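# Coordinates in review
Here are the chains, one letter per residue:
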Amino acid sequence: ERLSARITGRVQGVGFRNFTRTRARRLGVTGWVRNERDGSVRLEAEGPRESLDQLVEAVQQGPRMARVENVEVDWADATDDFDTFRVRR
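All values derive from a computational prediction rather than experimental measurement. (Residues numbered from 1 in each chain as written. Predicted model: local features only at pLDDT ≥ 70, side-chain atom pairs only at ≥ 80, totals over all residues. Heavy atoms only, no water.)

### Re the pairing of strand β3 (residues 41–46)
β3 sits mainly inside the fold: five of its six residues count as buried. Sheet analysis places strand β2 (residues 30–35) next to β3, joined by six bridges and oriented antiparallel. In the sheet register, Thr30 faces β3, and the bridge partner there is Glu46. With antiparallel pairing between neighbouring strands as the criterion, β2 and β3 make up a hairpin whose turn holds five residues, including Gly39 at a positive phi of roughly 95°. (Buried < 20%, exposed > 50% of the residue type's maximum accessible area, 1.4 Å probe, protein only. Helix = DSSP H or I, 4+ residues; strand = E, 2+ residues; numbered from the N terminus. Pairing = 2+ DSSP bridges.)

### Quick look at helix α2 (residues 49–61)
Along its 13 residues, α2 runs 19 Å from first to last C-alpha, staying within 8% of the 18 Å computed at 1.5 Å per residue. Close packing links the buried residues of α2 with β1 (2–10), α1 (16–27), β3 and β4 (67–76). Among the residues trailing α2, Gly62 stands out with phi positive, at a value near 75°. (Expected span 1.5 Å × (residues − 1). Contact = heavy atoms within 4.5 Å.)

### Let's talk about the packing of aromatic side chains
Taken as a whole and assessed by the stated rule, the structure comprises one aromatic pair. With centroids separated by 6.2 Å and ring planes inclined at 50°, the aromatic side chains of Phe16 and Phe19 adopt a geometry described as tilted. One end of the pair, Phe16, and the other, Phe19, are both in helix α1, three residues apart, so they sit about a helical turn from each other. In this pair, the class of Phe16 matches that of Phe19, namely buried. Arg49 extends its terminal NZ or CZ atom over the ring of Trp75, reaching a point 3.6 Å from the ring centre. (Phe/Tyr/Trp six-rings, centres within 6.5 Å; stacked < 30°, edge-to-face > 60°. Lys NZ or Arg CZ within 6 Å of the ring centre and 35° of its normal.)

What follows is the structure in structure tokens.
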């Protein structure tokens, strides 16, 4: 499946993207994460639903210095667009 998420709160400048990449790779999920101009973080990921659910749980907590206020999640069919999980600039 494919997960699209927008994470808001104190999620930039706290290691959130690297935290997400580490978790995603550990779960065998592909896709990307990037900071947005509005201060949020955007996440696009594909993999088994169980792994994506675990990734959503992880980003709802975030790294130690983060303060996640909201995670908006949309689900779709996987498109096989990704070969690994990376941080986008």
